[in-house]
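# Examining the three-dimensional arrangement
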Amino acid sequence: MKYINSQADINVSRILRLIWQQNGISRIEIASKLGLDKSTVTKIVFSLLEVGIVAEVAHGSTGPQGGRKPIYLEITSSFALVGGIEINASGFVCNLLNLQGELLFQHEQKMTVADTLDCFNQAYALLCEESKKRKINMIGVGVGLSGIVNSDSGFIIKSIPLNIGNNFPFSQIASSQVGVPVFVENDARCCCYSEQTLLHDTGMQNILFILIELRNGDKPVLKNTEVSVGMGLVLNGKIYKGSAFSAGEFSSMLWNGEQSCQFCSEEENLEEFGKNEASLKGDEDTIFSELARHAAFLVNTLNLETVYIGGLPTELAEELAKLISHRIECQWPYEGLHRCEVKLSSLGSLAVAYGAAGMFIDRFFALPSLSTPSGNGPSILEALSLVGTTGMAGKLV
């Protein structure tokens, strides 16, 4: 959380976040959108330009009488880098983003994960090497993994796939090891952050992200014990975590306590899925049909606008999207369709790692909490000027 030392700090945060959200915005537009005096905006922007986090760019055409092109503001792409890491039972995916959210590096490593922190350190070492090549400081890392995660405290409450329980203080240990802030979040919620980051936190209000992991290799018949599903929710523009940070944990409403999996249906024939009318309508007792009915229930009950599907091969994901769309229509009780777009994740297998980095960027550009008492630390501009210095990046998030 940023220190709040004055009204000036709050205005700096508001201006900086708006520039991040609308890369290529003028000083006049900033003053109008935030209701600030033009002189106040000019003064703060000048300071941000001096620090180097904001840059001026000339766009558009000159006026009818000539003159200079309009000057707009954007986040400087070379100011700092952020790492994103997905850790799962079969290895890790890591990537490197600039503060504009542009993907600069990605890597996937298959390995047996016996120690989550050891896996994190291997991924972090790769990201450090890449940031040094670019001569740009990496100011922090976001980590996404399967399980119940208290992202506020940085504790992994429980993760069955990674054999973690008893409130493991992951962020605290990882941060102390690498010397920069490390945040951890549930993998499905990271997928929500991935879509929000691509849109710079604008235009996405109510969504469901379904993250599906298949553990059956290339076998044609998928058993229910080989499917893992987690869900992420965005409600009214905010990622919903729940009071105990367990929002999105999924178990079928047909589950009777006897199964050792998330579904009642026993299997899915991947070769036949979507190939016949019964499969496309979800009239069969299969895993994907069961999942589609649950997704449609959530969409219609919560009035969601978009469903994203991640984790599946493209062909399967496309067929599941058709099935979910059909179930939404079937389960809607009124005349006229409830409009909800069902589509594939924008980033495919990178969604969790990219979203983990996006979570860090979102915190970096977060607005101060007015309920938090003012601190005695450095101002935001002072902290920004020291980004990259040991210990200072944490003052901004």
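Residues numbered from 1 in each chain as written. Predicted model: local features only at pLDDT ≥ 70, side-chain atom pairs only at ≥ 80, totals over all residues. Heavy atoms only, no water.

What follows is about helix α10 (residues 351–364). With 14 residues, α10 ought to run about 20 Å at 1.5 Å a step, and its terminal C-alpha atoms sit 19 Å apart, in line with that. Counted residue by residue, α10 has 14 buried out of 14 residues, so it is predominantly covered. (Helix = DSSP H or I, 4+ residues; strand = E, 2+ residues; numbered from the N terminus. Expected span 1.5 Å × (residues − 1). Buried < 20%, exposed > 50% of the residue type's maximum accessible area, 1.4 Å probe, protein only.)

Before going further, it helps to spend a moment on the environment of Asp 118. Inspection of the secondary structure assignment puts Asp 118 in helix α4 (residues 116–134). Distance from Asp 118 to Pro 220, taken between C-alpha atoms, is 34 Å for residues 102 residues apart in sequence.

A positive phi angle, close to 60°, is found at Lys 135, a residue other than glycine. Along the chain, the position of Lys 135 falls in the loop between α4 and β6 (138–145). Look at Lys 135 and you get exposed, because its relative accessible area is 78%. Of note, His 200 is a non-glycine position whose phi angle comes to about 55°, a positive value. Inspection of the secondary structure puts His 200 in the loop between α6 (187–198) and β10 (207–214).

The next subject is the nonpolar core. When a protein is soluble and globular, its nonpolar side chains tend to lie buried together. Grouped together as the largest cluster of nonpolar side chains are 55 residues, with contacts concentrated most on Ile 15, Ile 30, Leu 48, Ile 53, Leu 99, Phe 365 and Leu 384. A total of 10 residues in this core trace back to one element, the largest contributor, which is α10. Membership of the second largest hydrophobic core comes to 32 residues, among which are Met 231, Phe 263, Leu 291 and Ile 324. (Core = buried A, V, L, I, M, F, W, Y, C linked by side-chain atoms within 4.5 Å.)

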